[in-house]
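Summary of structural features
Here's the letter readout for the chains.
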Amino acid sequence: MKIKINKVKENLIELLKKFWQNLFLILILLLVLDLILGGIFFWKYYLRPQEKELQIIPPLKISQGLMEKVSGEWARRESIFKEAEEKEYPDPFRGALPEKID
């Protein structure tokens, strides 16, 4: 079976002519389809969430004992951090005592 290029070319030209003849109808169909899909997305993601009432979350109650416990732990960790910051560690590449560079 051999494909005849001339026949394919003629069929393609006829198909393009039919497309151009019905272009206005195709554009109207695509516009209506776009409006329908746009309306669905608008309703789903904009109008529907606004319909739901906002749930008001009651304010959190923090117990004073727990607050003191947390701030005590925070202060303890901060003092450990400051101690580590002030401590001088030996340089493993230069020996036990750091050399002064002037």
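Notes on the structure follow.

What counts as what
- Residues numbered from 1 in each chain as written.
- Predicted model: local features only at pLDDT ≥ 70, side-chain atom pairs only at ≥ 80, totals over all residues.
- Heavy atoms only, no water.
- Helix = DSSP H or I, 4+ residues; strand = E, 2+ residues; numbered from the N terminus.
- Buried < 20%, exposed > 50% of the residue type's maximum accessible area, 1.4 Å probe, protein only.
- Areas by Shrake-Rupley, 256 points an atom, 1.4 Å probe, with all protein chains shown as cover.
- Phe/Tyr/Trp six-rings, centres within 6.5 Å; stacked < 30°, edge-to-face > 60°.
- Salt bridge = Lys/Arg side-chain N within 4 Å of Asp/Glu carboxyl O.
- Expected span 1.5 Å × (residues − 1).
- Patch = residues over 30% accessible without salt bridge, like charges linked within 9 Å, V, L, I, M, F, W, Y side chains within 5 Å.

1. Some thoughts on the overall build of the protein chain
Helix and strand counts for the protein chain come out as three helices and zero strands. Listing every helix and strand of the protein chain by position from the N terminus yields α-α-α. Evaluated residue by residue, the protein chain yields a buried proportion of 0% over its 102 residues. For the protein chain, the computed accessible surface area is about 11400 Å², with 66% contributed by carbon and sulfur atoms.

2. Focus on the packing of aromatic side chains
If you walk through the whole model with that rule in mind, you get three aromatic pairs. Both rings, one in Phe-41 and one in Tyr-45, keep their centres 6.3 Å apart while their planes meet at 20°; by these two values the pair is stacked. Here Phe-41 pairs with Tyr-45, and both are found in helix H2 (residues 23–51), just four residues apart, close to one helical turn. Judged by its relative accessible area of 57%, Tyr-45 is exposed.

3. Details of the pattern of salt bridges
Within the structure shown, the criterion is met by two salt bridges. We note a salt bridge from Arg-76 to Glu-73, for which the minimum N-O separation is 2.5 Å. Of this pair, Arg-76 and Glu-73 both sit in helix H3 (residues 64–86), separated by three residues, roughly a single helical turn. Classification of Arg-76 by relative accessible area gives partly exposed; the value is 43%. Assessed through its relative accessible area of 29%, Glu-73 is described here as partly exposed. The residue Glu-73 makes a salt bridge to Arg-77 at a minimum N-O spacing of 2.9 Å. Taken together, the positions of Glu-73 and Arg-77, both in helix H3 and four residues apart, correspond to about one turn of that helix. Taking relative accessible area as the criterion, Arg-77 reaches 56% and is therefore assigned exposed. Each of Glu-73, Arg-76 and Arg-77 takes part in salt bridges that share partners, so that together they form one network.

4. So, helix H1 (residues 5–21)
Since the α-helix turns once every 3.6 residues, residues separated by three or four places project in the same direction. When the terminal C-alpha atoms of H1 are compared, their 24 Å separation across 17 residues agrees well with the 24 Å that a helix rising 1.5 Å per residue should span. Of all 17 residues that make up H1, zero are buried, and the element is exposed over most of its length.

5. Notes on a nonpolar patch on the surface
There is a patch of nonpolar side chains on the surface, built from Phe-24, Leu-25, Leu-27, Ile-28, Leu-30, Val-32, Leu-33, Ile-36, Leu-37, Ile-40, Phe-41 and Tyr-45 and spanning about 1200 Å² of accessible area. By secondary structure assignment, the location of Ile-40 is in helix H2.

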